[in-house]
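# Remarks on the overall topology
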Amino acid sequence: MNKQELLHHCKVFEQGGVDVGQLIYDEGLAVKTLRKTHAAILALEEGGIQPAQYYESSALTYLLSHSLTDSKALKRLLKQHEAIMQPRSKQVLSSMIDHSAFWSFFSVVEIHEDDFFTIVDLLTEKTHLLYSPRLSDLVKDPRIKGKHFLTLVYSNGECLHTAGVLRFNSLSVSDLRFYCSLFHHKADTALDAATLKDVINKAYLEFFELDALSFSEKQYDGSQELQRIWQPFTLEAFDITKLGGTWETVEIEDQIKFNLLEPDEGMRSLPNGTLLFSECNVMEGQLVRDIDTGDMWLSTWTDKAYLFFSCLLSRSYPNLKLPKKPSFAISLPLSVLLSTMEIELPWSHFKEIILALTDTMIEDLYGDEDEDEDVLWQLKEEEAYQILPATKTGQPIDDGSVVDSPTKRE
């Protein structure tokens, strides 16, 4: 198939997709459970910052996802409406049955003429040819540069098309894997297309609170990316004085938190130890402990700090073997978003003590208002949420025209 034939083929599918999308919309609203969630998505418009069309498009995308990813549902749709369908629409629906849609988390590798793109699916690392007039509009926006896209795609047998809202963000693959594990409840399960589909279809409303991060960027202190790094471990007995330095503590019932207030000279010899005396924000970390069980968590804001604190712990407790790569490392915007969601996190048991401010933190936060941004590492997650550039209080995702076929309604 030459270029012109492919372009014609794609345009036929775009038009036929509109008709199929209308059928899916009508059929979806006839299903009580789908209709309920559809209505809940539309209800988000009240008090939301997005244009009305965004919520309509998102609600329609929910219906599309349930049908386009299910070949059995598409076969039933074809059987029910085949007699009245136009040949073009019947061809598209038949192709969709053979090539079920899937959710793709992708980046744009190359932009071609006539609304074609080479993309790479970041989960499978496979490259695809994509046809999407809507994406052509989006990539012209400088705010979208370097973003990753998360959208429903389907094949026409030659290349992919986008369906529904073209969502975007700056999350890494590891961020997405962790986020999905919170819904799937099987953190050890590989995040493939099937798992991603299941997560989104089952928890669409909650899952796409992720839209709040569309324009959020990674956060840095100098050249160091700020992350929320977490590592669990257990020590039957623990004495903070064995680590050296001066620590500030907060205790709530049977839990206690330790923050390094002043390092000592003996810490200089540890990996990245000298940074404690020159880049204190980069090297900030904390320990929390359940006094009854011995369960503990190490939390830092950077990889450099994690290496230092893990070595500091191992120096005093040689039998403690912490991994070189922490169990959890998520971007700061994602961490802030999770703090606003009613969702169980691996460290939720320690939520209250983690958010508790020490006396020094209170003094730094409220003693000099001009220094608030310099003590980001000391903020409660709720405080950090207020100063991040584009979360729920940020910019609208788009002007509202955020859909490609087959999601357009006449």
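Definitions and cut-offs
- Residues numbered from 1 in each chain as written.
- Predicted model: local features only at pLDDT ≥ 70, side-chain atom pairs only at ≥ 80, totals over all residues.
- Heavy atoms only, no water.
- Helix = DSSP H or I, 4+ residues; strand = E, 2+ residues; numbered from the N terminus.
- Buried < 20%, exposed > 50% of the residue type's maximum accessible area, 1.4 Å probe, protein only.
- Contact = heavy atoms within 4.5 Å.
- Areas by Shrake-Rupley, 256 points an atom, 1.4 Å probe, with all protein chains shown as cover.
- Core = buried A, V, L, I, M, F, W, Y, C linked by side-chain atoms within 4.5 Å.
- Expected span 1.5 Å × (residues − 1).
- Salt bridge = Lys/Arg side-chain N within 4 Å of Asp/Glu carboxyl O.
- Disulfide = S-S within 2.5 Å.
- Axes fitted to C-alpha atoms, helices over the stretch in contact; angles between N-to-C directions.
- Parallel < 35°, antiparallel > 145°, perpendicular 65-115°, else oblique.
- Nonpolar A, V, L, I, M, F, W, Y, C, P; charged D, E, K, R; others polar.
- Polar contact = N/O pair within 3.5 Å; in protein donor to acceptor, adjacent residues only side chain to side chain.
- Pairing = 2+ DSSP bridges.
- Phe/Tyr/Trp six-rings, centres within 6.5 Å; stacked < 30°, edge-to-face > 60°.
- Lys NZ or Arg CZ within 6 Å of the ring centre and 35° of its normal.

Regarding its fold elements, the chain presents 14 helices and 13 strands. Counting only residues that meet the buried cut, the chain has 53% of its 410 residues in that class. Put simply, 69% of the contacts in the chain that link residues at least 6 apart link residues at least 24 apart. Of the roughly 19,300 Å² of accessible surface on the chain, 49% is carried by carbon and sulfur atoms.

So, about the nonpolar core. Generally speaking, a soluble globular protein has its nonpolar side chains buried in company with each other. Counting 67 residues, the largest nonpolar core has F207 and L338 as the members making the most contacts within it. A total of seven residues in this core trace back to one element, the largest contributor, which is helix α7 (residues 173-184). Leaving out residues up to four positions away in the same chain, F207 has contacts with L150, L176, Y179, C180, F183, L196, V199 and I200. One finds L260, V282, Y306 and L312 within the second-largest nonpolar core, a separate group that totals 28 residues.

Before going further, it helps to spend a moment on the side chain of H81. Mapped onto the elements, H81 comes out in helix α4 (residues 71-81). In this structure H81 touches L23 and E27, once residues within four positions along its chain are discounted.

Next up on the list: helix α10 (residues 303-316). If you check α10, its first and last C-alpha atoms are 21 Å apart, about what 14 residues at 1.5 Å a residue would give, namely 20 Å. Of all the residues in α10, the buried ones are A305, Y306, F308, F309, S310, L312, L313 and S316. For α10, the secondary structure elements touched by its buried residues are β7 (224-234), β8 (246-252), β9 (255-262), β10 (285-290) and β11 (295-300).

With that out of the way, let us pick up the pattern of salt bridges. Scanning all chains against the criterion turns up nine salt bridges. Across the pair D19 and R88 runs a salt bridge whose closest N-O atoms are separated by 3.1 Å. Residue D19 is found in helix α1 (residues 3-28), and its partner R88 is found in helix α5 (residues 87-98); the two are separated by 69 residues along the sequence. Taking the shortest distance from any N to any O, the salt bridge between D141 and R143 comes out at 2.8 Å. The partly exposed category is assigned to R143, whose relative accessible area is 35%. The network of salt bridges with common partners includes K3, E113 and D114.

This part takes up the side chain of S214. Positionally, S214 belongs in the loop between α9 (204-207) and β6 (219-221). You can call S214 buried: its relative accessible area is 2%.

Time to look at the state of the cysteines. Under the criterion given, the structure shown has zero disulfides. Note on C10: no disulfide assigned, nearest cysteine sulfur contributed by C159 at a separation of 3.4 Å.

This paragraph deals with the packing of α1 against α5. Relative orientation and spacing of two packed helices are given, respectively, by the angle between their axes and the distance between those axes. Close contact between α1 and α5 brings their axes to 8 Å; oriented N to C, the two are set at 90°. Classified by the angle their axes make, α1 and α5 are roughly perpendicular. Two secondary-structure elements touch here, α1 through H9, V12, F13, Q15, G16, G17, D19 and V20 and α5 through R88, S89, Q91, V92, L93, S95 and M96. Its residues assigned to classes, the contact of α1 with α5 comprises six nonpolar, seven polar and two charged.

Relative to the helices and strands, T340 resides in helix α11 (residues 332-340). Within polar-contact distance, the side chain of T340 engages the backbone oxygen of L337 at 2.6 Å.

What follows covers the pairing of β9. Burial runs high along β9: six of the eight residues are buried. If you look at the hairpin formed by β8 and β9, you'll find two residues sitting between the two strands, and E253 has a positive phi there, around 50°.

Under the criterion given, the structure shown has 23 aromatic pairs. An aromatic cluster is built from Y62, W103, Y179, F183, Y204, F207 and F208, whose rings are joined through pairwise contacts. Taking the ring centre of W301 as reference, the NZ or CZ of R228 above it sits at 4.5 Å. R268 extends its terminal NZ or CZ atom over the ring of F277, reaching a point 3.8 Å from the ring centre.

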